[in-house]
Amino acid sequence: MKLKPTKMILGLTLALALGGSGARAQTNSVPSPVQAGSKSYRLTYTLTETDGSKRVGTQHFAMIVVSGRKTVLKQGNRVPLVTGSVSTSGGAQTQVQYLDIGLNIDASIEDSADGVKLNTQVEQSSIAEEKSGLGTQDPIVRQAKLEGTSILTAGKPLILGSMDIPSTARRLDIEVVMEHVGATIQADGREVSSLHGAADATGP
C-alpha cells in the first residue's frame, strides 16, 4: 500500500499534577460558520499498543467531522491541580485547575486541490507511578503528542505515526481511515447530518 506524505511533529513533555480523577468521555464539534455544500466525513482512528513484537491491545475511535470545522474527542479522567491559595476572612481557600488525563484527539478537515487534508493532534497522557519529589500528593503526569497534516484518500488507511509510551517498552501506533458521509448543508440552509462520536476497545 502506497502512503501519501505525512508531515508531523512528535513531542514528549512532563508536567506535575495533584492526584484525584473523574472519568469522562465526550466528542465535541467546535462551532464555526458552515457553508452550503460543506461535506462531512467519518474518521476512524485505530490505536494499537505493542510490547516489543507482541500486540497488547487495540482501540478504535470514530468521529464525524464537517469540512471547515474542528471536532474534539476526549476520553479519560480530569485530575485536579492545586495552583495556589487565597486568604479570606473565613480562612485560606485553595485554587484548583483540572488537567485532562487520558486520550485527546483533535481533527479538522479541509477540501483542497490535492485531496482531503486532515489536520490532527493525538495526545496520550497518564499518571506515572513515581512521585515528583515536591510533595507526597504531587504525582508526575506523562504526555506524548503526535501532531501533523496529511492528505487522505477515502477508504485507504494511513499511518500517522508511532509514540513510545514513557517508562515502558511499549509503543502506540496510530492509524486513520476516512470515509465520505455526504453533504451537510442543503441549498436552503437546512442541516441534513449530525455530529457524533464513538469508541471501542479490543484486546490482543
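Every chain's residues receive numbers from 1 upward, in the order its sequence appears when written. In view of the model being predicted, local features appear only for residues whose pLDDT reaches at least 70, and side-chain atom pairs are presented and counted only at 80 or more, with totals across whole chains, interfaces and linings using the full set of residues. Water and hydrogen atoms play no part in the side-chain values, which are based on all heavy atoms of the structure.

1. Concerning the overall build of the chain
Within the chain, the secondary structure is distributed over 0 helices and 11 strands. The way it works is that DSSP assigns letters per residue, a run of H or I at least four long becomes a helix, a run of E at least two long becomes a strand, and they are numbered from the N terminus. The helix and strand sequence of the chain, counted from the amino end, reads β-β-β-β-β-β-β-β-β-β-β. Note on classification: 1.4 Å probe, protein chains only; a residue is buried when its accessible area is under 20% of the maximum for its type, exposed when over 50%, partly exposed between these limits. Of all 204 residues assigned to the chain, the portion counted as buried reaches 33%. Using a 1.4 Å probe, accessible areas were evaluated by the Shrake-Rupley method; residue-level cover was limited to the displayed protein chains. Split by element, the accessible area of the chain, about 11400 Å² in all, is 50% carbon and sulfur.

2. Some thoughts on the pattern of salt bridges
Should a side-chain nitrogen of Lys or Arg be within 4 Å of a carboxyl oxygen of Asp or Glu, the pair is scored as a salt bridge. Across all of its chains, the model carries 6 salt bridges by this definition. Residues Arg 78 and Asp 100 are paired through a salt bridge, measuring 3.5 Å at the closest nitrogen-oxygen approach. Residue Arg 78 is found in strand S5 (residues 70-88), and its partner Asp 100 is found in strand S6 (residues 91-112); the two are separated by 22 residues along the sequence. Judged by relative accessible area, which is 40%, Arg 78 ranks as partly exposed. A salt bridge links Arg 171 to Asp 173, with the nearest nitrogen and oxygen atoms 2.9 Å apart. Classification of Arg 171 as partly exposed rests on a relative accessible area of 30%. Each of the salt bridges in this network shares a partner with another, and the network as a whole consists of Glu 49, Asp 51 and Arg 170.

3. Quick look at the nonpolar core
Nonpolar cores are built from buried Ala, Val, Leu, Ile, Met, Phe, Trp, Tyr and Cys residues. Side-chain atoms within 4.5 Å join them into one set. One finds Leu 43, Tyr 45, Met 63, Ile 105, Leu 118, Ile 174 and Val 176 to be the most contacted residues of the largest nonpolar core, which totals 25 residues. At the level of secondary structure, the elements contributing two or more residues to this core comprise strand S3 (39-51), strand S4 (54-66), S6, strand S7 (115-131), strand S8 (139-152), strand S9 (158-164) and strand S10 (170-183). The contact rule is simple, with two residues in contact once any of their heavy atoms fall within 4.5 Å. With near-sequence residues (within four places) excluded, Leu 118 lies in contact with Leu 43, Tyr 45, Ala 107, Ser 108, Ile 109, Gly 148, Thr 149, Ser 150, Leu 152 and Val 176.

4. Looking at a nonpolar patch on the surface
For patches, a residue must show more than 30% relative accessible area and have no salt bridge; joins then use 9 Å for like charges and 5 Å for nonpolar side chains, namely Val, Leu, Ile, Met, Phe, Trp and Tyr. The grouping of Val 82, Val 96 and Tyr 98 at the surface amounts to a nonpolar patch, some 260 Å² of accessible area in total. For Val 82, a relative accessible area of 39% translates into the label partly exposed.

5. A few points about the pairing of S4
Pairing analysis gives 12 bridges linking S3 to S4, with the strands arranged antiparallel. Its bridge partner being in S4, Thr 50 is matched across the sheet by Arg 55. Hairpin remark: S3 followed by S4, antiparallel, with 2 residues in the connecting loop; positive phi at Gly 52, about 70°. For two strands to be treated as a pair, DSSP must find no fewer than two bridges joining them.

6. Thoughts on the confidence of the model for the chain
Across the chain, each position has a pLDDT score giving the predictor's confidence in that residue, from 0 to 100. In the predicted model, the chain carries a mean pLDDT of 74, and the fraction of residues at 70 or more is 65%. For the chain, per-element mean pLDDT is lowest for strand S1 (residues 6-16), which scores 34, and highest for S3, which scores 94. Across residues 1-24 the pLDDT falls below 50, and counting only partners more than four positions away or on other chains, this stretch makes 86 contacts in the model. Taken as a whole, residues 192-197 scores under 50 in pLDDT and shows 19 contacts with residues more than four places along the chain or in a different chain.

7. Some words on the side chain of Thr 120
Along the chain, Thr 120 turns up in strand S7. Pairing of N or O atoms within 3.5 Å defines a polar contact, subject to two protein rules: one partner must be a possible hydrogen donor and the other a possible acceptor, and residues neighboring in sequence count only if both atoms are side-chain atoms. A polar contact is formed between the side chain of Thr 120 and the backbone oxygen of Asp 106, at a distance of 2.8 Å. Every residue in contact with Thr 120, bar those within four places of it in the chain, is listed here: Tyr 45, Ile 105, Asp 106, Ala 107, Leu 146, Glu 147, Gly 148 and Leu 160.

8. A word on the pairing of S5
Sheet topology places S5 next to S6; 18 bridges connect them, and they run antiparallel. Counterpart to Thr 88 in the pairing with S6 is Gly 91. Between S5 and the antiparallel strand that follows it, S6, lie 2 residues.

9. A word on the environment of Ile 151
With respect to the helices and strands, the residue Ile 151 is situated in strand S8. Residues Ile 151 and Ser 112, 39 residues apart in the sequence, show an inter-C-alpha distance of 9.2 Å.

10. Examining the environment of Met 63
Note on placement: Met 63 falls in strand S4. The exposure class of Met 63 is buried, given its relative accessible area of 1%. Residues Met 63 and Tyr 45, 18 residues apart in the sequence, show an inter-C-alpha distance of 8.6 Å.

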